[in-house]
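Chain by chain, the residues run as shown.
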Amino acid sequence: MSERAQFATKMGVIAASVGSAVGLGNIWRFPYEAGMHGGGAFIAIYILCVLFLGIPVIIAEFIIGRSTHQNANSAIRTLAPGSKFRYVSYIGICSSIMILSFYSVVAGWIAEYMFQSLLGGLNGHSTQDYAKTFNALAGSPWRSILWTYLFLGANFLIIRKGIQKGIEKISNFMMPVLFLLLIIFCINSLLLPNAKEGLKFMFMPDFSQVSPSMVVGAMGQAFFSLSLGLTCLLTYASYFNNKTPLVKSATIIAVLDTCVAVLAGVIIFPAVFSFGAEPAAGPKLVFEILPGIFGQMPGGYFWSLAFFILLFFASITSTISMSEIFITFCTEEHKMSRKKATRLNTLIAMVLGTLCALSFNLLDDFKIFGKTIFDLFDYVSSNILLPAGGFILAVFVGWVMDKKIVKEQLTNSGELNVRTMKPIIFCIRYVAPAAIVLIFLYVTGLF
Ligand code: PHE
């Protein structure tokens, strides 16, 4: 195992995992999901999901990955020989590919917005014009596909280099700058006329709006945003060294990720209400609102360019991490070369990504279970596969794995005094698995 790469620094560990977690999930998906599900109540349930499902499952993934320094499949084989739990790695592979496919379409749109910002095309229009800008992009098959491919190409070039060089360098630098920019935009949004309405929408929950689809949406969003349940953080943890404090790192990742999502909300919703837009606009929400926000800021050209560049990199650090699941599996389980695995991963994502890009134009009438291919990939992976994967991983760590190893991992072999150990183990064993099952029963109407 010693020949496997390890993250060089403590910062690298956190930065790369935060790099995986923070991305379009926070800035694009969170506001639109919250907007579609009525705001406050969704956000309250989302935060409960992060606390009681998210953090325990991150820790469960960390324990499996770091205790074995192996990919999900062989890690579980090592920890529990013959156990069927290893099949969770296939859930991870399927969901990582589905997510990469639709994610790349949205990241492609971000790339185009970056390019348009550079050319000055995203500046000085009215809010209605930005709705047209987005529809022209998403409605055009060739433009959507072109940008999806360009994004996947960039992702390809980075992952081909291997874990250390590619990931660590980018995340260490980009994440803090993005955070800073978001805070500036927040202040700007709070000063908009009617900003109060947006804050009320976010922070005054109306629990009469709670519905099965909202609860399952909030759970799915928590898993998606934390990159959880598909063995992505497990794979990253397999590169951690034995000094990394798992509980602390998991908490920092969850807190930072949630802060970015809430910041994104505080940027978007005051503006939505100030511009008289529709909070339930769906996936196009941020694409229509953000340029309008930058447009009315002094130096709008600069802000919009800087923001889309940073968001582009935040997306890439996320897609790198989802690609790593498939690549580690191919190289370690099937002895494929890294180059070949990277190519295969990109190729599959290009084919499926094409279908996702076409879901907004040529194939927008093609529906399976009432959803376009894009929506279906998103729904099935985030709301079903990730929570199912999280359930399996939590049950594995809570009930199957040797308790001694679990404790050793939580305390770094007794070096750390983790006061929250008992509640964490309790959440991994009982709370997380039970909540996931109850939410599934609730949405299917069985409970
Ligand atoms: N968490 C990432 C985001 O919020 C998306 C992601 C999902 C990354 C699953 C890796 C695995 O953008």
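Residues numbered from 1 in each chain as written. Predicted model: local features only at pLDDT ≥ 70, side-chain atom pairs only at ≥ 80, totals over all residues. Heavy atoms only, no water.

Caption draft 1: View of the overall build of the chain. Along its length, the chain carries 18 helices and zero strands. The C-alpha atoms of the chain give 21 Å as radius of gyration, which agrees with the globular expectation for 447 residues (22 Å, within 12%). Its C-alpha atoms give the chain principal-axis dimensions of about 60 × 50 × 40 Å. Per-residue burial for the chain yields a buried fraction of 60% across its 447 residues. Look at the contacts in the chain between residues 6 or more apart in sequence, and 83% of them connect residues 24 or more apart. Surface exposure of the chain reaches about 17,200 Å², of which carbon and sulfur atoms provide 68%. With 31 positive and 21 negative side-chain charges, the chain shows a separation of 9 Å between the mean positions of the two kinds. (Helix = DSSP H or I, 4+ residues; strand = E, 2+ residues; numbered from the N terminus. Rg over C-alpha atoms; globule rule 2.2 N^0.38 Å. Buried < 20%, exposed > 50% of the residue type's maximum accessible area, 1.4 Å probe, protein only. Contact = heavy atoms within 4.5 Å. Areas by Shrake-Rupley, 256 points an atom, 1.4 Å probe, with all protein chains shown as cover. Lys, Arg positive; Asp, Glu negative; His and termini not counted. Charge placed at Lys NZ, Arg CZ, Asp CG, Glu CD.)

Caption draft 2: Highlighting a positive patch on the surface. Side chains of Arg160, Lys339, Lys340 and Arg343 sit close together on the surface and give a patch of like positive charge. Following the sequence through the fold, Lys340 ends up in helix α15 (residues 338–358). (Patch = residues over 30% accessible without salt bridge, like charges linked within 9 Å, V, L, I, M, F, W, Y side chains within 5 Å. Salt bridge = Lys/Arg side-chain N within 4 Å of Asp/Glu carboxyl O.)

Caption draft 3: Spatial organisation of helix α10 (residues 212–225). The end-to-end C-alpha distance of α10 is 20 Å, a good match for the 20 Å that 14 residues give at a rise of 1.5 Å each. Counting buried positions over the 14 residues of α10 gives 12, a clear majority of the element. Turning to α10, its buried residues number three or more, namely Met214, Val215, Val216, Gly217, Ala218, Met219, Gly220, Gln221, Ala222, Phe223, Phe224 and Ser225. Immediately downstream of α10, the backbone of Ser227 shows phi near 55 degrees, a positive value. (Expected span 1.5 Å × (residues − 1).)

Caption draft 4: Structural context of the environment of Leu233. With respect to the helices and strands, the residue Leu233 is situated in helix α11 (residues 232–237). Between the C-alpha atoms of Leu233 and Phe185, which are 48 residues apart in sequence, the distance is 30 Å. Apart from the residues lying within four places of it in its own chain, the contact partners of Leu233 are Ser17, Ser20, Ile58, Glu61, Phe62, Leu226, Ser227 and Leu228.

Caption draft 5: Structural detail: the side chain of Ser83. By the element assignment, Ser83 lies in the loop between α4 (72–79) and α5 (88–119). With residues up to four places along the chain from it excluded, the contact list for Ser83 reads Ile76 and Phe396.

Caption draft 6: Representation of the packing of helix α12 (residues 246–274) against helix α13 (residues 285–295) within the structure. Between α12 and α13, the least distance of the axes is 10 Å, while the angle of their chain directions is 80 degrees. Put simply, α12 runs roughly perpendicular to α13. Facing Ile267, Ile268, Phe269, Ala271 and Val272 of α12, the residues of α13 in contact are Leu285, Val286, Ile289, Leu290 and Ile293. By residue class, the composition of the contact of α12 with α13 is 10 nonpolar, no polar and no charged. (Axes fitted to C-alpha atoms, helices over the stretch in contact; angles between N-to-C directions. Parallel < 35°, antiparallel > 145°, perpendicular 65-115°, else oblique. Nonpolar A, V, L, I, M, F, W, Y, C, P; charged D, E, K, R; others polar.)

Caption draft 7: Up close: the site of the ligand. Around the ligand, the surrounding shell holds 14 residues, and the nearest of these are Ala21, Gly25, Tyr103, Phe224 and Ser227. The separation between an oxygen atom of the ligand and a polar main-chain atom of Leu24 is 3.1 Å. A distance of 3.0 Å separates a nitrogen atom of the ligand from a polar backbone atom of Ser225. Burial of the ligand by the surrounding chains reaches 100%, relative to a free accessible area of 320 Å². Where the shell around the ligand is concerned, the elements lending two or more residues are α1 (10–21), α2 (24–36), α10 and α14 (300–333). Residues of the shell around the ligand, tallied by class, amount to six nonpolar, eight polar and no charged. (Near = heavy atom within 4 Å. Polar contact = N/O pair within 3.5 Å; in protein donor to acceptor, adjacent residues only side chain to side chain.)

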